[in-house]
Amino acid sequence: MKNRIAIVTGGTRGIGRAIAIDLKKAGCKVAASYHGNDEAAQAFKKETGIAVYKFDVANFNECQEGVAKVEAEIGPVDILVNNAGITRDGFLHKMTEDNWDGVIDTNLKSLFNMCRAVIEGMRARSYGRIITISSINGQLGQFGQTNYSAAKAGVFGFTKSLARECANKGITVNAVAPGYIETDMVKAVPEEVLKKIIAQIPVGRLGSPAEIARAVCFLAADEAGFITGETLSVNGGQHME
Ligand code: CAA
């Protein structure tokens, strides 16, 4: 992966942060996008030396401009990691339209926004690695997550379709489906509910962001060119296909 250029969306915190750091360790030139938290992004940049770019993955034009800026400053994108995501949990009978749209736009429409921005360049150069972070809850469904599970399940269909479209162009398109990982997102789950969830994980604990980064780096490698349209589940045994 030496000198490959990578963008990790939501790359300054949580799972994305671990992915950005590991891709850099593997020799990539990395750009990390973020949306809201300037303070965390600046601290991340100072600590890691990784360039940060502020744009909203839910916004088509911002993504085209953000990717154009990365390409002008660092170079053409070889690896795209669609990691940015949000939760707006709530039972469907209480869910607002804003909480539905927000999750679908950030977690699913973002795939179109980001892939559209990089795909023509990847096709022209006959090389690319696209990896999207889905979720165990896109595989199983979850209380309070009709919006999130719908978006994360959508990732699988998108991934397989784009994988077929690009297979003859040296571009692989895969998903990683994490289980419950020690991040701010999971810390927000009510304590009693989280206890019940951990009891269902055979490994007996939450995963770490580094354990997801390991899977992403595996798929991002030059040598992973024969793996496409696939989902790699990393969930401590909570869901075995
Ligand atoms: N599993 C089993 N039971 C659950 C449950 C779950 N995941 N979530 C809620 N329940 C149960 C509660 O225990 C409760 O049962 P009792 O009435 O018997 O106590 C009942 O459903 C109602 O729950 P609440 O009182 O909490 O109702 P609420 O309306 O205040 O909130 C909720 C409902 C939004 C679903 C809330 O319970 C919640 O946030 N649950 C967690 C949902 C979750 O797992 N989100 C995952 C976030 S992490 C993530 O998404 C990352 C990833 O990819 C894995």
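These notes cover the structure that comes with them. (Residues numbered from 1 in each chain as written. Predicted model: local features only at pLDDT ≥ 70, side-chain atom pairs only at ≥ 80, totals over all residues. Heavy atoms only, no water.)

1. Brief notes about the environment of Pro 202
Right, so step 1: Structurally, Pro 202 can be placed in the loop between α8 (191-198) and α9 (209-220).
Right, so step 2: The class for Pro 202 is exposed, based on a relative accessible area of 55%.
Right, so step 3: The sequence separation of Pro 202 and Gln 238 amounts to 36 residues, and the corresponding C-alpha distance is 6.1 Å.
Right, so step 4: Sequence-distant contacts of Pro 202, that is, excluding residues within four places in its chain, are made with Gly 236, Gly 237 and Gln 238. (Helix = DSSP H or I, 4+ residues; strand = E, 2+ residues; numbered from the N terminus. Buried < 20%, exposed > 50% of the residue type's maximum accessible area, 1.4 Å probe, protein only. Contact = heavy atoms within 4.5 Å.)

2. Focus: the nonpolar core
Right, so step 1: The biggest cluster of nonpolar side chains holds 30 residues, and the ones touching the most others in it are Met 1, Ile 19, Leu 23, Val 176 and Val 216.
Right, so step 2: Only β1 (5-8), α1 (14-25), β2 (29-34), α2 (38-48), β4 (79-82), β5 (128-133) and α9 provide two or more residues apiece to this core.
Right, so step 3: With seven residues, α9 is the largest single contributor of residues to this core.
Right, so step 4: For Leu 23, the contacting residues outside a window of four places in its chain are Met 1, Ala 6, Val 8, Cys 28, Val 30, Val 81, Cys 217 and Ala 220. (Core = buried A, V, L, I, M, F, W, Y, C linked by side-chain atoms within 4.5 Å.)

3. Focus on a negative patch on the surface
Right, so step 1: Judged by side-chain charge, Glu 97, Asp 98, Asp 101 and Asp 105 come together as a negatively charged surface patch.
Right, so step 2: Along the chain, Asp 105 turns up in helix α4 (residues 97-125).
Right, so step 3: Judged by relative accessible area, Asp 105 falls into the partly exposed class, the value being 31%. (Patch = residues over 30% accessible without salt bridge, like charges linked within 9 Å, V, L, I, M, F, W, Y side chains within 5 Å. Areas by Shrake-Rupley, 256 points an atom, 1.4 Å probe, with all protein chains shown as cover. Salt bridge = Lys/Arg side-chain N within 4 Å of Asp/Glu carboxyl O. Lys, Arg positive; Asp, Glu negative; His and termini not counted. Charge placed at Lys NZ, Arg CZ, Asp CG, Glu CD.)

4. Describing unusual backbone geometry
Right, so step 1: Its identity as a non-glycine residue notwithstanding, Asn 3 has a phi of 65°, on the positive side.
Right, so step 2: When you line up the elements, Asn 3 lands in the segment before β1.
Right, so step 3: Overall, Asn 3 belongs to the partly exposed group, its relative accessible area being 45%.
Right, so step 4: Unusually for a residue other than glycine, Ser 126 sits at a positive phi of about 55°.
Right, so step 5: The residue Ser 126 is located in the loop between α4 and β5 in this model.
Right, so step 6: Looking at Ser 126, the relative accessible area reads 42%, which means it is partly exposed.

5. Some thoughts on the pattern of salt bridges
Right, so step 1: Per the counting criterion, the structure on display carries ten salt bridges.
Right, so step 2: Arg 4 is paired through a salt bridge with Asp 222; the nearest N and O atoms lie 3.1 Å apart. Of this pair, Arg 4 sits in the segment before β1 while Asp 222 sits in the loop between α9 and β7 (231-234), placing them 218 residues apart in sequence.
Right, so step 3: Note that Lys 25 and Asp 22 form a salt bridge whose closest N and O atoms lie 3.6 Å from each other. Linking Lys 25 with Asp 22, this pair stays in helix α1, spanning three residues, or about one helical turn.
Right, so step 4: Three or more residues joined by partner-sharing salt bridges are found here, namely Arg 4, Asp 78 and Asp 222.

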